[in-house]
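For reference, the chains in residue letters:
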Amino acid sequence: MAATAATTCRLDNYLVLPDSTMDERIAAARAELGEDCILLGHHYQRDEVIKFADFRGDSYRLCQAAATAKGRYIVFCGVTFMAEAADILCRPGQKTILPDLNAGCSMADMADIGQVEDAWQSFVDMGLTSELGNRIMPITYMNSSAAIKAFCGERGGFVCTSTNASAAFDYAFGQGVEKIFFLPDQHLGRNTAWAKGIPLNEMVVWDPYMLNGGLTAEQLKKARLILWKGHCSVHQRFLPEHVDKVRAKYAGIQVLCHPECRWEVCRKADDLGSTDKIIKTVAEAPRGAKFAIGTEIHLVNRLAKDNPDKVVVTLDDSGCLCTTMFRITPQHLCWALENLADGQVVNRVMVDERVKYWARIALDRMLEIH
Ligand code: SF4
């Protein structure tokens, strides 16, 4: 039910609407918008919202979809950094909408641009690199703010995902740099480097709340990898004892973890992979296969539902929920779509033009690395 006049409908009026009315209204607004709007849904999104997505995927695939979207509006049912990436990659004239601007990412929030610039200046002052990164290459995980992506782009670095992190490390060292400065997820950085044979004693963790990152000049000089002290509050909850417990409960179960999990958990897992790889592995497994999955609970529950001939359980019984992505409710989606149908753009995510320029360079470099 769209408003009749082109005035912005208040979100407050939507948050009290009963769930039972949402499906019909969202479907009607989608139909009214037609091809002018693409609705993107991240794998961790709740079922009541993702069922309306034209395209589902991880942050990388969703950004690819945003980059090729035809209509004027990209409604992103994910979190802020994903919507920012869509705004960076989309065509002029397109607008990216995040139905709830409070849907942030705890990991992305752990790397503040001011803190990162201070850390870099320390490296420059110690003679470890030039301002523009001749000896250290900054690489940021997709799960970071646009400002951090731009920081990397401006210094010869780029963005990576959990799918191409390994290739990104090869590329960086292939360029002759001595070190990688990896932001903001220490676990993905550590797991990727370990898999390439880099020992733990050649990795250091930069703590932005400590003087000189809590590191000595000697430690920094010796390190091949400087990891930012950030993590995903969802994946860090999985512990090594969860692996032992699930194996004791289900004979022959395979443990599949996202590389945002702790190194100690990943060492015990049978395999690691991005959300896309996890989905593919479970889908292609023979009937009767058993999996314990170390990733966000909505995806695990959906995998269990979509693969009734297999056993699919969460690695941790208490269930790990991305509480920030969960903020987007059907009411938020309905509000955003009905306003769009009335010609009102609400919750538009816009990246500053200068940030956009360098972040785009960092993202484009990523697309060249496989
Ligand atoms: S699961 Fe973790 S990394 Fe992914 S959006 Fe949620 S908080 Fe961020």
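Structural notes, computed from the coordinates. Note that the structure is predicted; figures quoted are calculated from it, not measured.

## Some points on the overall build of the protein
Of regular secondary structure, the protein possesses 17 helices and 13 strands. Across its three principal directions, the C-alpha atoms of the protein cover 65 × 55 × 35 Å. Within the protein, contacts between residues at least 6 apart in sequence are counted, and of these 66% link residues at least 24 apart. Carbon and sulfur atoms form 51% of the exposed surface of the protein, whose accessible area is close to 15600 Å².

## A closer look at the nonpolar core
By size, the foremost hydrophobic cluster in this structure holds 109 residues, and its most contacted members are Ile139, Met142, Phe182, Leu315, Leu333 and Leu337. It is helix H5 (residues 80-89) that contributes the most residues to this core, 7 residues altogether. With residues up to four places along the chain from it excluded, the contact list for Met142 reads Ser59, Tyr60, Cys63, Phe81, Lys149, Val159, Cys160, Thr161, Leu363 and Met366. Core analysis: the next-biggest nonpolar cluster, separate from the first, contains 20 residues, Trp120, Phe123, Leu215 and Trp228 among them.

## Points about the sheet that holds strand S12 (residues 290-294)
Spatially, S11-S10-S12-S13 is the arrangement adopted by the 4 strands of the open sheet, whose pairing is parallel. The two strands at the open ends of the sheet, each matched to only one other strand, are strand S11 (271-272) and strand S13 (311-314). When S12 meets S13, the two strands line up parallel, connected through 4 bridges. Each bridged residue has a counterpart across the sheet, and for Ala292 the counterpart in S13 is Val313.

## Some points on the site of the ligand
Taken together, the neighbourhood of the ligand is formed by Tyr44, Val79, Cys105, Ser106, Asn143, Cys232, Val234, Glu260 and Cys322. Comparing atom positions with the cavity grids shows the ligand to sit within the largest pocket.

## Notes on the packing of aromatic side chains
Following the criterion strictly, the structure yields 10 aromatic pairs and no others. With centroids separated by 6.1 Å and ring planes inclined at 65°, the aromatic side chains of Phe181 and Trp228 adopt a geometry described as edge-to-face. Of this pair, Phe181 sits in strand S7 (residues 179-183) while Trp228 is found in strand S9 (residues 225-228), placing the two residues 47 residues apart along the sequence. By the ring-pair criterion, three or more aromatic residues cluster together here, those being Trp120, Phe123, Phe151, Phe181, Trp206 and Trp228. Sitting over the face of the ring of Phe326, Arg46 holds its NZ or CZ atom 3.8 Å from the ring centroid. Here the guanidinium or amino end of Arg224 rests over the ring plane of Phe173, the centre of that ring lying 4.8 Å away.

## Observations regarding H5
A large share of H5 lies buried, amounting to 9 of its 10 residues. Three or more residues of H5 are buried, namely Phe81, Met82, Ala83, Glu84, Ala85, Ala86, Asp87, Ile88 and Leu89.

## Focus on the state of the cysteines
With the rule as written, the count across this model stands at 0 disulfides. Free cysteine: Cys160, not disulfide-bonded; nearest cysteine sulfur from Cys152 at 9.3 Å. For the unlinked cysteine Cys320, the closest cysteine sulfur is that of Cys261, found at 8.3 Å.

## Section: the side chain of Thr140
In this fold, Thr140 is placed in strand S5 (residues 136-141). Within the local environment of Thr140, its side chain forms a polar contact with the side chain of Ser144, the two groups lying 2.9 Å apart.

## A short note on the sheet that holds strand S4 (residues 95-97)
Spatial strand order, S2-S1-S3-S4: 4 strands in an open sheet with parallel pairing. Of all the strands in the sheet, just strand S2 (55-57) and S4 have a single pairing partner and so form its edges. Across this sheet, the average inter-strand angle for adjacent strands is 25°, counted without regard to direction. Two elements, strand S3 (residues 73-77) and S4, share 3 bridges in a ladder whose sense is parallel. Considered in S4, the bridge of Ile74 is made with Thr96.

## What to know about the pairing of S5
Buried residues dominate S5, accounting for 6 of its 6 residues. The alternating pattern of S5 places Ile136, Pro138 and Thr140 and Met137, Ile139 and Tyr141 on opposite faces, both of which are buried. Pairing of S5 with S7, which is carried by 5 bridges, proceeds in the parallel orientation. Looking at the pairing, Pro138 lines up with Phe181 of S7.

## Quick notes on the layout of surface pockets
Estimated volume of the largest pocket: approximately 400 Å³. Secondary structure elements with two or more residues in the lining of the largest pocket: helix H4 (59-67), H5 and helix H6 (106-109). A class-by-class count of the residues in the lining of the largest pocket yields 15 nonpolar, 15 polar and 4 charged. Within this model, the second largest pocket holds a volume of roughly 310 Å³. If you trace the second largest pocket, you find 19 residues lining it, with Ser162, Thr163, Pro259, Leu272 and Gly273 closest to the centre. At the level of secondary structure, the elements contributing two or more residues to the lining of the second largest pocket comprise H4, helix H9 (165-174), helix H10 (186-195) and helix H14 (275-284).

## Structural notes on the pairing of S7
Within S7, 5 of the 5 residues are buried, which leaves the element mostly enclosed by the surrounding structure. Along S7, one buried face is formed by Lys179, Phe181 and Leu183 and the opposite face, lined by Ile180 and Phe182, is buried too. One ladder, built from 3 bridges, connects S7 with S9; its direction is parallel. The residue of S9 that forms the bridge with Phe181 is Ile226.

The rules behind these values
- Residues numbered from 1 in each chain as written.
- Predicted model: local features only at pLDDT ≥ 70, side-chain atom pairs only at ≥ 80, totals over all residues.
- Heavy atoms only, no water.
- Helix = DSSP H or I, 4+ residues; strand = E, 2+ residues; numbered from the N terminus.
- Contact = heavy atoms within 4.5 Å.
- Areas by Shrake-Rupley, 256 points an atom, 1.4 Å probe, with all protein chains shown as cover.
- Core = buried A, V, L, I, M, F, W, Y, C linked by side-chain atoms within 4.5 Å.
- Buried < 20%, exposed > 50% of the residue type's maximum accessible area, 1.4 Å probe, protein only.
- Pairing = 2+ DSSP bridges.
- Near = heavy atom within 4 Å.
- 1 Å grid on protein atoms, 1.4 Å probe; cavity = no way out; pocket = protein on both sides within 12 Å on 5 of 7 lines; lining within 4 Å.
- Sits in = over half its atoms within 2 Å of the grid points.
- Phe/Tyr/Trp six-rings, centres within 6.5 Å; stacked < 30°, edge-to-face > 60°.
- Lys NZ or Arg CZ within 6 Å of the ring centre and 35° of its normal.
- Disulfide = S-S within 2.5 Å.
- Polar contact = N/O pair within 3.5 Å; in protein donor to acceptor, adjacent residues only side chain to side chain.
- Axes fitted to C-alpha atoms, helices over the stretch in contact; angles between N-to-C directions.
- Points joined across faces, edges and corners; volume = space filled by probe spheres on them.
- Nonpolar A, V, L, I, M, F, W, Y, C, P; charged D, E, K, R; others polar.

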